[in-house]
Amino acid sequence: MVTGIGVTAPNGLGTEEWWQATLAGQHGIRPIEGYDTSAYPTRLAGTVTGFDAAALLPGRLLPQTDRSTRLALVATEWALADAGVDPGELPEYGMGVVTSNAGGGFEFTHREIRKLWTEGPEHVSVYESFAWFYAVNSGQISIRHGMRGASGVLVADQAGGLDALGHARRTLRRGNTLVVTGGVESSLDPWGLSAHIAGGRLSSVPDPERAYQPFDIGASGHLPGEGGAILVVEDAAAAQARRVRRCYGEIAGYAATLDPAPGSGRPLGLERAIRLALADAGVAPEEVDAVFADAAGVPALDRAEARALEAVFGPYGVPVSAPKTMTGRLAAGGPALDVAAALLSVRDGMLPPAVHVPSPDPAYRIDLVRGEPRDLRVRTALVVARGHGGFNSAVVVREPKAP
């Protein structure tokens, strides 16, 4: 069961601020600042503003952390507070951390490597030994909160944000009583932006209102972003024993697949991931009230996702939400944020819209929620994600069971 949510996102810091902005269709797509982007084909991203790490974290952590880790540590602090958890009161080997990260500490390591080549090795921070690593968010969260139980990190681009939740559920079944999980990313420095561009899927449209338009006839790619969400997931019996004050819902089903090699003639794996996740949750397609889409913004990928959804749910068979349009694609942070949106949709009976999708392609027979939030009782929601390289993941969240 999910008992706490912490969010650091381009359109809001803190869960409720972000959620209200999301329902209102307020986006965080902005020109990238901090360096000259005039030579780059993409100059827009979902960037987190107003984040003062020095005011939110102990000073000793600042020299040893990248921006992505600072965002993750703060999101964790907020998620634990939301869950009413004081880690010092719980068995340290019963708590674990499972996060996903696709980029590691990009900005930190590039700054230190620059020092290596321009000033010499004696000027390189000793923290470079771990601040760059994909596992650093899990490690720093674990150290800060004394969580010594089974932990880990998963790397699968966007799909990893759901894989982390699937693995967190697995560790609970194996004996942990609480897991901090999710994904938070930041890789928007010059090298990071170059890496995003090299993937070949970024939009070069300079207008924030038109640059990222998934499922639209004007789709031309996506925009990158930073931030994400951290969730506190607990064993139901342990949560009840500590008299948890709130449960947002449960991670009821999870599955992951890998696409076959290009040219093999075999079908892509997204549909199978969806069906396996539904089967894992014991949920029939007609019981799903909403889908939170991967929303790649690349026509071929949008087409493949729409076909998978139509195959499982039928034409226009289920409302489809794409809140990523307000943040950009946050690598592992994006699906974790979508899971938070799904849980809050369950809580509030409101499905957030896609924005900047004025002309949905009629070839995609999906019921895309756009422009305005939709009043809808959501008891069961599906979140899907795909990662570069053929990764597919799906998670089913369900309303909390009555006590």
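A. Structural detail: the sheet that holds strand β1 (residues 2–9). Taken together, 6 strands build an open sheet; the order of strands is β2-β1-β8-β7-β5-β6 and the sheet is mixed. The open sheet has two edge strands, β2 (12–13) and β6 (152–154), and neither has a second partner. With 6 bridges joining them, strand β5 (residues 95–100) and strand β7 (residues 178–185) adopt parallel strand pairing. Paired with Gly96 across the strands is Val179, a residue of β7. Strand contacts of helix α7 (residues 160–173): β5, β6, β7 and β8 (227–234), with the helix running at about 170° to β7, the strand carrying the most contacts. Packing against the sheet, helix α12 (residues 333–348) makes contact with β1, β7 and β8, and its axis sits at approximately 60° to β8.

B. Inspection of a nonpolar patch on the surface at higher detail. Residues Trp132, Phe133, Tyr134 and Val155 make up a contiguous nonpolar surface patch of about 360 Å² in total accessible area. The residue Trp132 is located in the loop between α5 (128–131) and α6 (136–145) in this model. Classification of Trp132 by relative accessible area gives partly exposed; the value is 35%.

C. Up close: the nonpolar core. In terms of nonpolar packing, the biggest core is built from 41 residues, with Val2, Ile5, Trp18, Leu231, Val339 and Val397 touching the most fellow members. Setting aside chain neighbours within four positions, we find Leu231 in contact with Val2, Gly4, Ile5, Leu165, Val179, Val180, Thr181, Val339 and Ala340. Judged by nonpolar contacts, the second largest core, of 36 residues, contains Ala252, Ala306, Ala308 and Val357.

D. Seen up close, unusual backbone geometry. One non-glycine residue, Phe215, lies in the positive phi region at around 65°. The topology assignment puts Phe215 in the loop between α8 (190–198) and β8. Of note in this structure, Ala295 is not a glycine but carries a positive phi near 55°. Here Ala295 lies in the loop between β10 (290–292) and α11 (299–313).

E. Seen up close, the pairing of β8. Burial of β8 is extensive: 8 of the 8 residues sit out of reach of the surface. Alternating residues of β8 divide into Gly227, Ala229, Leu231 and Val233 and Gly228, Ile230, Val232 and Glu234, and every residue in both groups is buried. In the sheet, β1 pairs with β8 via 6 bridges, with the strands oriented antiparallel. Bridged to Gly6 within β8 is Ile230. Where β7 meets β8, 8 bridges bridge the pair, whose relative direction is antiparallel. Looking at the pairing, Gly183 lines up with Ala229 of β8.

F. Structural view of helix α4 (residues 106–118). Its 13 residues place the ends of α4 18 Å apart at the C-alpha level, agreeing with the 18 Å of an ideal helix rising 1.5 Å per residue. Of the surrounding elements, those touching the buried residues of α4 are α5 and α8. Looking one or two places after α4, you find Gly120, whose phi comes out positive at around 110°.

G. Focus on the packing of aromatic side chains. With the rule as written, the count across this model stands at 5 aromatic pairs. An aromatic cluster is built from Trp132, Phe133 and Tyr134, whose rings are joined through pairwise contacts. Above the face of the Phe108 ring, Arg111 is positioned so that its terminal group lies 4.8 Å from the ring centre.

H. Region of interest: the packing of helix α3 (residues 67–83) against α6. The contact between α3 and α6 brings their axes to 10 Å, and the two run at 45°. The orientation of α3 relative to α6 falls into the category oblique. As α3 packs across α6, the resulting crossing turns out to be right-handed. Between α3, through Ser68, Thr69, Ala72, Leu73, Thr76, Glu77 and Leu80, and α6, the contact on the second element is made entirely by Val136, Asn137, Gln140, Ile141, Arg144 and His145. Each residue belonging to the contact of α3 with α6 can be placed in one class, and the counts come to 5 nonpolar, 6 polar and 2 charged.

Reading the values: rules and limits
Residues numbered from 1 in each chain as written. Predicted model: local features only at pLDDT ≥ 70, side-chain atom pairs only at ≥ 80, totals over all residues. Heavy atoms only, no water. Pairing = 2+ DSSP bridges. Helix = DSSP H or I, 4+ residues; strand = E, 2+ residues; numbered from the N terminus. Contact = heavy atoms within 4.5 Å. Axes fitted to C-alpha atoms, helices over the stretch in contact; angles between N-to-C directions. Patch = residues over 30% accessible without salt bridge, like charges linked within 9 Å, V, L, I, M, F, W, Y side chains within 5 Å. Areas by Shrake-Rupley, 256 points an atom, 1.4 Å probe, with all protein chains shown as cover. Salt bridge = Lys/Arg side-chain N within 4 Å of Asp/Glu carboxyl O. Buried < 20%, exposed > 50% of the residue type's maximum accessible area, 1.4 Å probe, protein only. Core = buried A, V, L, I, M, F, W, Y, C linked by side-chain atoms within 4.5 Å. Expected span 1.5 Å × (residues − 1). Phe/Tyr/Trp six-rings, centres within 6.5 Å; stacked < 30°, edge-to-face > 60°. Lys NZ or Arg CZ within 6 Å of the ring centre and 35° of its normal. Parallel < 35°, antiparallel > 145°, perpendicular 65-115°, else oblique. Left-handed = near helix turned anticlockwise from the far one by under 90°. Nonpolar A, V, L, I, M, F, W, Y, C, P; charged D, E, K, R; others polar.

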